[in-house]
Amino acid sequence: MAGDTQAADAANAQVDIIGHILDSPYIELPFVDFHHLLAGKVSLPSLELFGIDLSITRHVVIMWVASILLIVLMLRAFRKPRTVPSGLANFFEAIVLFLRDEVVLPIMGEDGKKYLPFLLTLFFFILFCNLLGLIPYSATATGNINVTAGLALCSFLVMIGAGIANNGLFGYFKSLIPSGVPPVLLIILIPVEIIGLLVKPFALCVRLFANMTGGHVAILVFLGLISILQSEWIAIGSVPFAVAIYMLEIFIGFVQAFVFTLLSTVFISMAAHPDH
Amino acid sequence: MLLDPHAGLIIWTIITFLVVLFVLKKFAWPHLLAALDEREKRISDAIAAAEQARQEAEEVLREHRQKLAAADEEARQVVAEAREAGANVRQTIVSQAREEAERMLDQARTSIESEKRAAIAELRRETAHLAVQAAGALIDANLDDEKNRGLVDDFIARIPESN
């Protein structure tokens with residue numbers, strides 16, 4: 001009897017790491033537990049259009065929360081044009097100034113001002129998703145490869161768009177292939193260049209996904225050790241480690257948002273000016 | 001499971017991102033970027049203005065220094081000129097005074113000479129007169145004496161023409 005209870009407890013106590021990271025058709029909320037019916041889980045509506053599953057999942061909801069948070073804070077900070085920033089606006093401005101003066105303008109030149117709204121939005125969107133994922137009961141939308149794929153796709157489209165806008169449709173695709181190459185080599189070169197083109201968004205997508213997932217798995221593994229080894233003494237070691245990784249995750253949240261933006265900038269710049 | 005493709009989520013991501021992009025592009029970024037540009041412009045303007053003011057101040061300072069030096073030089077020149085003029089005036093006055101003194105001395109000398117001459121003539125006239133009177137008296141007394149007449153003639157002849 002006692003053994004059964006312990007086994008059941010152990011089964012309950014197993015930390016579902018992958019389940020925590022994966023998308024799900026419900027959101028978890030604290031204190032929502034109507035007589036154990038919901039068990040803290042609120043189901044989300046499923047939706048299907050033209051044969052595509054457009055269900056509102058947990059990551060969609062989190063993404064929306066992040067977006068609303070971002071929009072509300074940004075509008076509060078910058079709704080009115082002000083010369084002297086204060087409070088929140090100062091914080092955002094420092095980041096925007098850094099991105100503008102250290103990343104976008106040095107890479108793209110004056111041309112970069114056109115892409116600045118896109119790149120800034122990209123950075124803050126990813127940043128907010130990253131940081132929101134660190135809050136308990138939340139989820140990391142950017143730790144889902146489909147979300148990062150969507151963002152990488154946006155970046156990819158802007159990249160191609162910049163290339164076509166600056167070089168013309170034919171000029172852009174011609175610029176992908178180095179000039180002065182013997183025609184025989186083109187048989188190899190064309191597929192290579194196409195792969196090279198597609199690898200860019202793929203790299204963006206996988207890098208962000210892997211980084212965000214990795215950190216969360218690490219935190220969960222450290223905490224999971226407590227239940228796996230079934231001893232609360234493990235917490236003495238594993239909780240500080242988890243906290244340390246949590247701190248690291250905050251930093252990584254910034255760094256990955258920055259890296260995504262930086263690489264997008266570089267890719268867009270390369271597409272716009274293929275000659276250098 | 002981690003890598004399961006899910007087209008719906010990709011679409012939702014793109015939609016969400018585009019909405020955020022639209023809202024921020026419309027309401028936040030223009031203000032922010034314009035404020036940054038404006039502040040930068042203001043600061044660079046202020047720096048340029050300060051630089052210009054500094055240059056102007058330097059120019060003015062240089063001018064003033066030049067003016068001061070010129071004024072100094074002029075003052076020195078004026079003093080030198082005045083000194084020279086003073087020396088000239090003194091020279092003139094002294095020489096004039098000397099000339100005047102010389103002239104006065106000469107005048108005095110001539111006047112003394114003429115007075116003396118007049119005095120001598122007067123004396124001579126007076127003496128002659130006295131002599132004549134004396135002679136008259138003598139003649140009155142002993143004119144008849146031929147020998148006395150000879151004495152008077154001798155006396156008169158003995159008086160020098162001038163002394």
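Predicted model, so just to flag it, every value in this text is computed and none were measured.

Cut-off values and rules
Residues numbered from 1 in each chain as written. Chains lettered and ligands numbered in written order. Predicted model: local features only at pLDDT ≥ 70, side-chain atom pairs only at ≥ 80, totals over all residues. Heavy atoms only, no water. Helix = DSSP H or I, 4+ residues; strand = E, 2+ residues; numbered from the N terminus. Buried < 20%, exposed > 50% of the residue type's maximum accessible area, 1.4 Å probe, protein only. Areas by Shrake-Rupley, 256 points an atom, 1.4 Å probe, with all protein chains shown as cover. Expected span 1.5 Å × (residues − 1). Bend = angle between axes of the 7 residues up to and from the residue. pLDDT = per-residue confidence, 0-100. Axes fitted to C-alpha atoms, helices over the stretch in contact; angles between N-to-C directions. Parallel < 35°, antiparallel > 145°, perpendicular 65-115°, else oblique. Left-handed = near helix turned anticlockwise from the far one by under 90°. Contact = heavy atoms within 4.5 Å. Nonpolar A, V, L, I, M, F, W, Y, C, P; charged D, E, K, R; others polar. 1 Å grid on protein atoms, 1.4 Å probe; cavity = no way out; pocket = protein on both sides within 12 Å on 5 of 7 lines; lining within 4 Å. Points joined across faces, edges and corners; volume = space filled by probe spheres on them. Buried area = accessible area lost by both parts, 1.4 Å probe. Salt bridge = Lys/Arg side-chain N within 4 Å of Asp/Glu carboxyl O. Polar contact = N/O pair within 3.5 Å; in protein donor to acceptor, adjacent residues only side chain to side chain. Core = buried A, V, L, I, M, F, W, Y, C linked by side-chain atoms within 4.5 Å. Patch = residues over 30% accessible without salt bridge, like charges linked within 9 Å, V, L, I, M, F, W, Y side chains within 5 Å.

Caption draft 1: Layout of the overall build of chain B. Within chain B one finds three helices and zero strands. For chain B, the succession of helices and strands along the chain, N to C, is α-α-α. For chain B, with 163 residues in total, the buried portion stands at 13%. A total of about 13,000 Å² of accessible surface is found on chain B, and carbon and sulfur atoms cover 61% of it.

Caption draft 2: Broad picture of helix 4 (residues 88–108) of chain A. Residue and element names in this part refer to chain A. In this model helix 4 runs 28 Å from its N-terminal to its C-terminal C-alpha over 21 residues, within 8% of the 30 Å that 1.5 Å per residue would give. Residue R100 marks the point of greatest curvature in helix 4, where the axis turns by about 35 degrees. Considered for burial, the residues of helix 4 that qualify are A89, F92, E93, I95, V96, L99, R100, V103, V104, L105 and M108. Downstream of helix 4 by one or two residues, G109 has phi in the positive range, about 75 degrees.

Caption draft 3: Fine view of the confidence of the model for chain B. Residue and element names in this part refer to chain B. For chain B, per-residue confidence averages 85 on the pLDDT scale, and residues scoring 70 or more make up 93% of the total. Of all the helices and strands in chain B, helix 3 (residues 146–158) carries the lowest mean pLDDT, 75, while helix 2 (residues 29–142) carries the highest, 88. Across the predicted assembly, pTM comes out at 0.69 and ipTM at 0.81.

Caption draft 4: The packing of helix 5 (residues 112–132) of chain A against helix 1 (residues 7–27) of chain B, seen in detail. Closest axis-to-axis distance for the helix 5 of chain A/helix 1 of chain B pair is 10 Å, and the angle between their directions is 120 degrees. Between helix 5 of chain A and helix 1 of chain B, the angle falls in the class oblique. The crossing of helix 5 of chain A and helix 1 of chain B is right-handed. Listed contacts from helix 1 of chain B to A:P117, A:F118, A:T121, A:L122 and A:F125 of helix 5 of chain A are B:T16, B:F17, B:V20, B:L21, B:L24 and B:K25. Along the lines of polarity and charge, the residues of the contact of helix 5 of chain A with helix 1 of chain B split into eight nonpolar, two polar and one charged.

Caption draft 5: Structural view of empty space enclosed by the protein. All names here are of chain A. Throughout the structure, instances matching the rule amount to two cavities of 30 Å³ or more. If you add up the space inside the largest cavity, you get close to 70 Å³. The wall of the largest cavity is formed by H20, I21, G133, S138, A139, T140, G143, M212, T213 and H216. Looking at the lining of the largest cavity, the elements that each hand over two or more residues are helix 2 (17–21) and helix 8 (183–228). In terms of residue count, the dominant contributor to the lining of the largest cavity is helix 8 (three residues). Of the residues belonging to the lining of the largest cavity, the class tally is three nonpolar, seven polar and no charged.

Caption draft 6: Geometry of the confidence of the model for chain A. All names here are of chain A. When pLDDT is averaged across chain A, the result is 78; 84% of the residues are at 70 or more. When mean pLDDT is compared element by element in chain A, helix 5 scores highest at 87, while helix 1 (residues 2–13) scores lowest at 46. Within the model, the stretch residues 1–12 combines pLDDT values under 50 with two contacts to residues more than four positions away or in other chains.

Caption draft 7: Spatial organisation of the interface of chain B and chain A. Each side of the interface is counted separately: chain B has 34 residues, and chain A has 52 residues. Note on chain B versus chain A: buried area summed over both sides is about 3,800 Å², and carbon and sulfur give 77% of it. Considering only the side of chain B, the residues that lose the most area to chain A are B:L2, B:W12 and B:F17, jointly responsible for 19% of the buried surface there. The tally of links between chain B and chain A comes to three salt bridges. On inspection of chain B and its partner chain A, the count reaches four residue pairs in polar contact (both at pLDDT 80 or more). Counting residues per element, the side of chain B that touches chain A draws most heavily on helix 1 of chain B, at 16 residues. The residue inventory of the side of chain B that touches chain A, partitioned by class, reads 22 nonpolar, five polar and seven charged.

Caption draft 8: Representation of the environment of A:I236 within the structure. Residues and elements named next belong to chain A. Here I236 is to be found in helix 9 (residues 234–272). The exposure class of I236 is exposed, given its relative accessible area of 56%. On a C-alpha basis, the gap between I236 and I226 in space is 9.5 Å, while along the polypeptide they are 10 residues apart.

Caption draft 9: Representation of the nonpolar core within the structure. In terms of nonpolar packing, the biggest core is built from 75 residues, with A:M74, A:F124, A:L151 and B:W29 touching the most fellow members. Counting residues per element, this core draws most heavily on helix 5 of chain A, at 14 residues. Ignoring sequence-local partners within four residues, the contact set of A:F124 consists of A:L70, A:M74, A:F92, A:I95, A:V96 and B:W29.

Caption draft 10: Looking closely at a nonpolar patch on the surface. Together, A:V184, A:L185, A:I187, A:I188 and A:V192 make up an exposed nonpolar region whose accessible area comes to about 500 Å². Tracing the backbone shows A:V192 in helix 8.

Caption draft 11: Fine view of the packing of helix 5 of chain A against helix 6 (residues 145–167) of chain A. Residue and element names in this part refer to chain A. Between helix 5 and helix 6, the least distance of the axes is 12 Å, while the angle of their chain directions is 170 degrees. Between helix 5 and helix 6, the interaxial angle falls into the category roughly antiparallel. Where helix 5 approaches helix 6, its residues K114, Y115, F118, L122, F125 and I126 are matched on the opposing element by L151, C154, S155, V158, A162 and N166. Looking at the contact of helix 5 with helix 6 residue by residue, the class counts come to nine nonpolar, two polar and one charged.

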